[in-house]
Amino acid sequence: MRIVVIIPALDEEKSLPKVLAEIPADLINEVFVIDNGSQDRTAEVAREAGATVLHEPRAGYGQACLTGIAALTQNPPDIVVFIDGDYSDRAAEMRELVMPIIDGQADFVIGSRVLGSREPGALAPHARWGNWLATWMIRVLYDYHFTDLGPFRAIRYETLLALEMRDRDYGWTAEMQAKAARAGMRATEVPVSYHRRIGTSKITGTVKGTVLAGWKIISTILRYRFTSPVERARTESKAPLG
Ligand SMILES: Nc1nc2c(ncn2[C@@H]2O[C@H](COP(=O)(O)OP(=O)(O)O)[C@@H](O)[C@H]2O)c(=O)[nH]1
Ligand SMILES: [Mg+2]
């Protein structure tokens, strides 16, 4: 099995080496760090640690992930793992994340910080609440039970392509789960630990990031439930894969 990791990163020079050092080398074939316009040494530290560095000047978490996915066509993997570059999730726990896919039990595995242990202060109260609201909405609207929208996740490459991901910023994780739920895909969760990040938060640690992310997540969950397939095809055709 070819398993690759995608790490979107914006100014994470301090944390990224720790994330990369903990990735199980015997399990993972290639690591892609998508440097999204960092002003610091993110690209250099990633290269020094042996990662393949891609540069994506267009801002946005989802945009960086899309750029990573687009690069996979050259040597298609079997499984793709996503993890943030801030050392909040522990890359050493990647094995538990991909095991249900390797065993043929699931096609999509979310690392749940709700089922796992959280270091005090790692997940802000408003982030926990927003997360609860989003997973509750998915339960009510899609009849699908998730406990978390955590960024640490593994998915079969074929399943990922079938989801036709579009979001270019904060709606990325919600889009993936809403579409998987809508399609009745085999998704599951495994507990992961969550820790205080190194460096400063750009999303839930800022008012602007929190408001934008909250709005985008909620509208994404509503959108994929209530737009007709025809309407979706029409609007999505204007936003081809980056
Ligand atoms: N590509 C990209 N990554 C981002 C952007 N903003 C944040 N990130 C990355 O997304 C991850 C989550 O952001 P973070 O600041 O930790 O948000 P928090 O988890 O809500 O505190 C980190 O790996 C960041 O480097 C962005 O605009 N573009
Ligand atoms: Mg974070």
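An account of the accompanying structure is given in this report. None of these values were measured; they are calculated from a predicted model.

About the cut-offs
Residues numbered from 1 in each chain as written. Chains lettered and ligands numbered in written order. Predicted model: local features only at pLDDT ≥ 70, side-chain atom pairs only at ≥ 80, totals over all residues. Near = placed C-beta within 6 Å. Nonpolar A, V, L, I, M, F, W, Y, C, P; charged D, E, K, R; others polar. Pairing = 2+ DSSP bridges. Helix = DSSP H or I, 4+ residues; strand = E, 2+ residues; numbered from the N terminus. Axes fitted to C-alpha atoms, helices over the stretch in contact; angles between N-to-C directions. Parallel < 35°, antiparallel > 145°, perpendicular 65-115°, else oblique. Left-handed = near helix turned anticlockwise from the far one by under 90°. Contact = placed C-beta atoms within 7 Å. Buried ≥ 20, exposed ≤ 12 C-beta atoms within 10 Å, placed from the backbone.

Around ligand 1, the structure places 18 residues, and the nearest of them are Asn36, Ala64, Ser201, Ile203 and Thr204. Considered class by class, the residues forming the shell around ligand 1 number seven nonpolar, six polar and five charged.

Pairing within the open sheet is mixed, and its seven strands lie in the order E3-E2-E1-E4-E6-E5-E7. At either end of the open sheet lies a strand with only one pairing partner, and these are strand E3 (52–55) and strand E7 (187–191). Strand after strand, the sheet turns through a mean of 20° between neighbouring axes, direction not considered. Of the strand pairs in this sheet, strand E4 (residues 79–82) and strand E6 (residues 153–156) are connected by four bridges, and their pairing is antiparallel.

Turning next to the packing of helix H7 (residues 172–182) against helix H8 (residues 207–226). Two numbers describe how H7 lies on H8: the axes approach to 9 Å, and their chain directions differ by 20°. With respect to H8, the element H7 is oriented roughly parallel. Crossing geometry of H7 relative to H8 is assigned as right-handed. On H8, the residues that touch Ala174, Glu175, Ala178, Lys179 and Arg182 of H7 are Ile217, Thr220, Ile221 and Tyr224. Counted by class, the contact of H7 with H8 contains five nonpolar, one polar and three charged residues.

As for its placement among the helices and strands, Ser193 is situated in the loop between E7 and H8. A tally of 17 C-beta atoms within 10 Å means that Ser193 is categorised as partly exposed. Distance in space between the C-alpha atoms of Ser193 and Arg113 is 6.0 Å, their sequence separation being 80 residues. For Ser193, the residues in contact, after removing those within four places along its chain, are Arg90, Glu93, Gly116 and Ser117.

In this section: the environment of Ile138. Looking at where Ile138 falls in the secondary structure, it is placed in helix H5 (residues 125–142). Residue classification places Ile138 among the buried positions, given that 23 C-beta atoms sit within 10 Å. Spatially, the C-alpha atoms of Ile138 and Arg225 are 9.1 Å apart, while their sequence positions differ by 87 residues. Excluding its chain neighbours within four sequence positions, the residues that come into contact with Ile138 are Tyr144, Phe146, Gln177, Ala178, Ala181 and Ile221.

All right, on to the environment of Leu20 then. Mapped onto the elements, Leu20 comes out in helix H1 (residues 16–22). Here Leu20 falls in the buried class, since 22 other C-beta atoms lie within 10 Å of it. Taking the C-alpha atoms as reference points, Leu20 and Ser219, separated by 199 residues in sequence, lie 33 Å from one another. If we ignore the near neighbours within four places in the chain, the residues touching Leu20 are Val31, Ala46, Ala49 and Ala51.

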